[in-house]
Amino acid sequence: MARMIVHCAIYRDGRPVATPEGPTGTLAAARKAGRGGFVWIGLFEPSAEELDQVAAEFGLHPLAVEDAVGAHQRPKVEAYQDSLFVALKTLGYHPGGHAVTSGEVMLFVGEDFVMTVRHGADSPLGELRAELEQQPEVLKYGPSAVLHSVCDTVVDGYVDVAVGLQADLDELEADVFAPGRVGRDVASRIYGYKRQLVTVRRATGPLVDPMLRLERGGVPYVRAEALPYLRDVADHLARANDQVEAMDRLLSDILAANLAQVSVQQNNDMRKISAWAALAAVPTMIAGVYGMNFDHMPELHQPWGYPAALGLMAVVCVLLHRVFKRHGWL
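In this text the structure is predicted, and so the values were computed from the model without any measurement. (Residues numbered from 1 in each chain as written. Predicted model: local features only at pLDDT ≥ 70, side-chain atom pairs only at ≥ 80, totals over all residues. Heavy atoms only, no water.)

Asker: Got a sec to walk through the overall build of the chain? Specific residues and values, please.
Answerer: Helices and strands together make up the secondary structure of the chain, namely ten helices and seven strands. Of all 330 residues assigned to the chain, the portion counted as buried reaches 43%. When contacts within the chain are restricted to residue pairs at least 6 apart in sequence, long-range pairs at least 24 apart make up 65% of them. For the chain, the accessible area works out to roughly 17,300 Å², and carbon and sulfur atoms hold 56% of it. (Helix = DSSP H or I, 4+ residues; strand = E, 2+ residues; numbered from the N terminus. Buried < 20%, exposed > 50% of the residue type's maximum accessible area, 1.4 Å probe, protein only. Contact = heavy atoms within 4.5 Å. Areas by Shrake-Rupley, 256 points an atom, 1.4 Å probe, with all protein chains shown as cover.)

Here's what the structure looks like:
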């Protein structure tokens, strides 16, 4: 149990007053702390048995507990009788490997408790908790403040990932349209970026409606004071989502442009091959005529016949070369 609990503390007026080792009795202790007291417990990849023990202490709904254990949930907001369940996807960007990784954070929000369940490594909750403890004027608003801060931090992570992907996309665009840089690996790179964008869109797109639901108000266990801040988070999310959609459309355009470039390059190659084949065909044709060994070919019996045939081949080849060169085939 202690292994999966990464944080457990009771707060009063935005300041930590106790740090129990486990969840047992923490809710009762938070309620004894009086108005403004709440418990914040953080879990990392708990098993079903471990989370069931905590769920029994806090009265969590079994369906929400099942979602929190299984992970791989679509971003959503669900209200139950004794708590609010929020599922978010976290994103991480690694510039060296040009890769986007994802994790998940689930929140159980009640009147006097908030529980965060984290899956995956891409989670900024540790730093967030330390920052909030330095801002008691924010943390005094209780679980709603934690809910807003987690959503805000996760969405800010989306913006950072979008910025990193945009830089990579600019680099890719420059490579595609650089003169003489029609590379064979461009299409595979584009599809690689598209896969990364799919990961981002799975996090940003489905979260739009839940965030709109939160910022409109009327959701249990979300205080009215948090609504303006949740609206700001929803606005940031909409901008990040729009940026991802724009990058996806641009990638499709870049892919189409690259395929057109490859097609043009192939046509140029075919024209060059055809031109050289035509140059080779003329002397072959003349040599073939002379190779038939007919008796009635007067020039065969003349001393100038052989050089004349060679000269004819050279003149025709030179003329064809000039014509092809003028038309850009060579």
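This is not the end of the story, as more comes after the structure.
Asker: So what's going on with helix 2 (residues 48–58)? Which residues, and what values?
Answerer: Among all positions in helix 2, only Glu 50, Leu 51, Val 54, Ala 55 and Phe 58 are buried. Buried residues of helix 2, viewed axially, fall in a sector of 135°; they line one side. Every exposed residue of helix 2 that faces more than 90 degrees away from the buried side is listed here: Glu 49 and Ala 56. Residues of helix 2 that are buried make contact with helix 1 (26–32), strand 3 (37–44), helix 3 (62–70) and strand 7 (113–119). (Arc of directions from axis to C-beta.)

Asker: I'd like a description of the pattern of salt bridges, backed by residues and values.
Answerer: Opposite charge on two side chains permits pairing when their charged atoms draw close. Applying the stated criterion across every chain, the model contains nine salt bridges. Across the pair Asp 67 and Lys 76 runs a salt bridge, and its minimum N-O distance is 2.8 Å. An identical accessibility class is assigned to Asp 67 and Lys 76; each is buried. With a shortest N-O distance of 3.5 Å, Glu 78 and Lys 76 are connected by a salt bridge. (Salt bridge = Lys/Arg side-chain N within 4 Å of Asp/Glu carboxyl O.)

Asker: Any chance you could break down empty space enclosed by the protein for me, citing the residues and the numbers?
Answerer: One pass over the structure, following the stated rule, counts one cavity of 30 Å³ or more. Along the walls of the largest cavity sit Leu 165, Leu 169, Tyr 193, Leu 197, Met 247 and Leu 251, which together make up its complete lining. Mapped onto the lining of the largest cavity, the elements with two or more residues apiece are helix 6 (143–177), helix 7 (186–204) and helix 9 (227–290). Among the residues forming the lining of the largest cavity, the class breakdown is six nonpolar, no polar and no charged. (1 Å grid on protein atoms, 1.4 Å probe; cavity = no way out; pocket = protein on both sides within 12 Å on 5 of 7 lines; lining within 4 Å. Points joined across faces, edges and corners; volume = space filled by probe spheres on them. Nonpolar A, V, L, I, M, F, W, Y, C, P; charged D, E, K, R; others polar.)

Asker: Quick one: what's the story with unusual backbone geometry, residue by residue and with numbers?
Answerer: Located in the positive-phi region is Asp 13, a residue other than glycine, with phi close to 55°. The residue Asp 13 is located in the loop between strand 1 (5–12) and strand 2 (15–18) in this model.

Asker: Please set out the sheet that holds strand 5 (residues 84–94) residue by residue, giving values where relevant.
Answerer: The seven strands lie next to each other as 2-1-3-7-6-5-4, forming an open sheet whose pairing is mixed. Single-partner strands in this sheet number two, and they are strand 2 and strand 4 (76–79). Strand-to-strand twist in this sheet, taken as the mean axis angle between neighbours without regard to direction, amounts to 25°. The strands touched by helix 4 (residues 125–133) within the sheet are strand 1, strand 3, strand 6 (99–109) and strand 7, with strand 1 carrying the most contacts at an inclination of about 20°. (Pairing = 2+ DSSP bridges. Axes fitted to C-alpha atoms, helices over the stretch in contact; angles between N-to-C directions.)

Asker: Can you break down the pairing of strand 2 residue by residue, with the values?
Answerer: Sheet topology places strand 1 next to strand 2; three bridges connect them, and they run antiparallel. Bridge assignment links Arg 12 to a residue of strand 2, and that residue is Arg 15. Counting the residues between successive antiparallel strands, the hairpin from strand 1 to strand 2 contains two residues, one of them, Asp 13, with a positive phi of roughly 55°.

Asker: Help me get a handle on the nonpolar core, residues and values and all.
Answerer: Grouped together as the largest cluster of nonpolar side chains are 55 residues, with contacts concentrated most on Leu 84, Leu 107, Val 150, Tyr 158, Met 211 and Val 222. In terms of residue count, helix 6 provides more of this core than any other element does, 13 residues in total. Apart from residues no more than four positions distant in its own chain, Leu 107 is found in contact with Leu 84, Phe 85, Val 86, Leu 88, Val 114, Met 115, Thr 116, Leu 147 and Val 150. Counting residues in each nonpolar core, the second largest holds 26 residues, with Ile 41, Leu 51, Val 65 and Tyr 80 among its members. (Core = buried A, V, L, I, M, F, W, Y, C linked by side-chain atoms within 4.5 Å.)

Asker: So what's going on with the packing of helix 2 against helix 3? Which residues, and what values?
Answerer: One can describe the packing of helix 2 onto helix 3 by two numbers: an axis separation of 10 Å at closest approach and a directional angle of 145°. Remark: the crossing between helix 2 and helix 3 carries right-handed chirality. In this structure, helix 2 contributes Ala 48, Leu 51, Asp 52 and Ala 55 to the contact, and helix 3 contributes Val 65, Ala 68 and Val 69. Split into classes, the residues belonging to the contact of helix 2 with helix 3 amount to six nonpolar, no polar and one charged. (Left-handed = near helix turned anticlockwise from the far one by under 90°.)

Keep in mind these values describe shape, not function.
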